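# Observations on chain architecture
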Amino acid sequence: MLYQIALVIHNALRWLVLFSLLGTLVSAFSGLINRRFYTKADQIIRVMATSIAHTQLLIGFYLYAISPIIRYYWREKPSFAEAAAFPFFALIHISLMLTAVVLMTIGSSKAKRQTDARQQFKTTALYFTIGLVLILAAIPWPFSPLAARPWVRW
Ligand code: HEM
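Scoring rules and cut-offs
- Residues numbered from 1 in each chain as written.
- Predicted model: local features only at pLDDT ≥ 70, side-chain atom pairs only at ≥ 80, totals over all residues.
- Heavy atoms only, no water.
- Near = heavy atom within 4 Å.
- Polar contact = N/O pair within 3.5 Å; in protein donor to acceptor, adjacent residues only side chain to side chain.
- Helix = DSSP H or I, 4+ residues; strand = E, 2+ residues; numbered from the N terminus.
- Expected span 1.5 Å × (residues − 1).
- Bend = angle between axes of the 7 residues up to and from the residue.
- Salt bridge = Lys/Arg side-chain N within 4 Å of Asp/Glu carboxyl O.
- Buried < 20%, exposed > 50% of the residue type's maximum accessible area, 1.4 Å probe, protein only.
- Donors = N, O, S within 2.8 Å, 3.2 Å for Na, K, Ca; no water.
- Tetrahedral: all angles 85-135°; square planar, octahedral: opposite > 155°, others 65-115°.
- UniProt positions renumbered as here; feature names shortened; annotations may be inferred.
- Core = buried A, V, L, I, M, F, W, Y, C linked by side-chain atoms within 4.5 Å.

## What about the site of the ligand?
By nearness alone, 21 residues border the ligand, and Tyr3, His10, Ser67, His93 and Arg153 come closest of all. In the model, a nitrogen atom of the ligand is placed 2.8 Å from a nitrogen or oxygen of the histidine 93 side chain. One of the side-chain N or O atoms of arginine 149 is found 2.8 Å from an oxygen atom in the ligand. Those elements giving two or more residues to the shell around the ligand turn out to be α1 (2–34), α2 (40–66), α3 (68–76) and α4 (85–113).

Structure (C-alpha cells):
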C-alpha cells in the first residue's frame, strides 16, 4: 500500500521537478539576456526547484528500498538484454538522478554565495541546464525503450 502511494507521488512529482527547473532556467536566461538585477523572485524559484528535487530524491530512496523491481534486480542480476527495466531502475535511474540533484544543489548554493548578478545567472543556468538534461534522460517516459512507465499513475 505504502509502495503504491510512494509510486503515485514519485510519478506525479516529476512534473513539479520539471516545471520548477524550467522556471529557474527561464529566470536565469532572461536575467542574462536582459542584464538585470538578481531579484528575490529569482532566488525563490531557484530554492523551490532545489527543494522539490530533494523531496523527489527522498521518495526515490524510499522506493529504492522497498521496490520489488530493485529487490529482484539485486537477487537475480538480470542483464539489459534479458530485461532492461531492472538494471535501468537499479543502476541508471538512481545514478543520473542523484548526479542531477547534486549538481542543482551545488549550483544553487554557489549562486547564493555569489554577489554579482551576472555570475549568479550564469552559475544557475549552467548547473540547472545539465540537471535538466540528465533528468529528462533518466525519466522512464512511456516511449522509453529501456523502461516505459505511464504519464500518470492513480
Ligand atoms: C529527481 C529526480 C527523479 C525523477 C524526476 C524521477 C522520476 C521517476 C518516474 C517518473 C518514475 C516512474 C514511476 C512510475 O512507475 O509510475 C520513477 C520510478 C522510480 N524511481 Fe525515480 N525519479 C527521480 C529520482 C529517483 C532517485 C534518486 C531514486 C533512487 C534513489 C529513484 C528511484 C526510483 C525507483 C526505484 C523507481 C521504480 C519503482 C518501481 O516501479 O518499483 N528515483 N522515477
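## A look at α1
Residues spaced three or four apart along an α-helix point in a common direction, a consequence of the helix completing one turn every 3.6 residues. In this model, α1 (33 residues) spans 47 Å end to end at C-alpha, consistent with the 48 Å of a helix rising 1.5 Å per residue. Helix geometry: α1 is bent most strongly at alanine 12, by close to 25°. Backbone geometry just downstream of α1 places arginine 35 in the positive-phi region, at approximately 50°.

## Thoughts on the pattern of salt bridges
Inspection of every chain in the model, using the stated rule, returns 2 salt bridges. When the shortest N-O distance is used, the salt bridge between aspartate 42 and arginine 36 registers 2.8 Å. Looking at aspartate 42, the relative accessible area reads 3%, which means it is buried. Taking the relative accessible area as the measure of exposure, arginine 36 reaches 29% and is therefore partly exposed. Put simply, arginine 75 and glutamate 76 hold a salt bridge, and the shortest N to O gap is 3.4 Å. Judged by relative accessible area, arginine 75 falls into the exposed class, the value being 58%. Given the relative accessible area of 45%, glutamate 76 is considered partly exposed.

## Topic: the coordination of the iron atom of the ligand
The coordination sphere of the iron atom of the ligand, as far as protein atoms go, consists of His10 (NE2) and His93 (NE2), spread over 2.0 Å. Geometry at the iron atom of the ligand is octahedral, judged from its 6 donor atoms and the angles of 84 to 179° they form at the metal. Of this pair, histidine 10 sits in helix α1 while histidine 93 sits in helix α4, and the two are 83 residues apart along the sequence. Classification of histidine 10 by relative accessible area gives buried; the value is 16%. A residue is classified by how much of its surface remains accessible, and histidine 93, at 13% relative accessible area, is buried.

## Description of the UniProt feature "transmembrane region" (unreviewed entry) in the chain
The sites that UniProt annotates as "transmembrane region" (unreviewed entry) are residues 12–32, 44–64, 84–104 and 125–143. For residues 44–64, the helix share is 100%, the strand share is 0%, and the end-to-end C-alpha distance is 30 Å. Between the C-alpha atoms that bound residues 84–104 the distance is 28 Å, and the span itself is 95% helix and 0% strand.

## Section: the nonpolar core
Judged by nonpolar contacts, the single largest core of 25 residues is most densely connected at Leu18, Leu21, Met104, Phe128, Ile135 and Ile139. For this core, the secondary structure elements donating two or more residues are α1, α2, α4 and α5 (117–138). For this core, the element with the highest residue contribution is α1, accounting for 7 residues.

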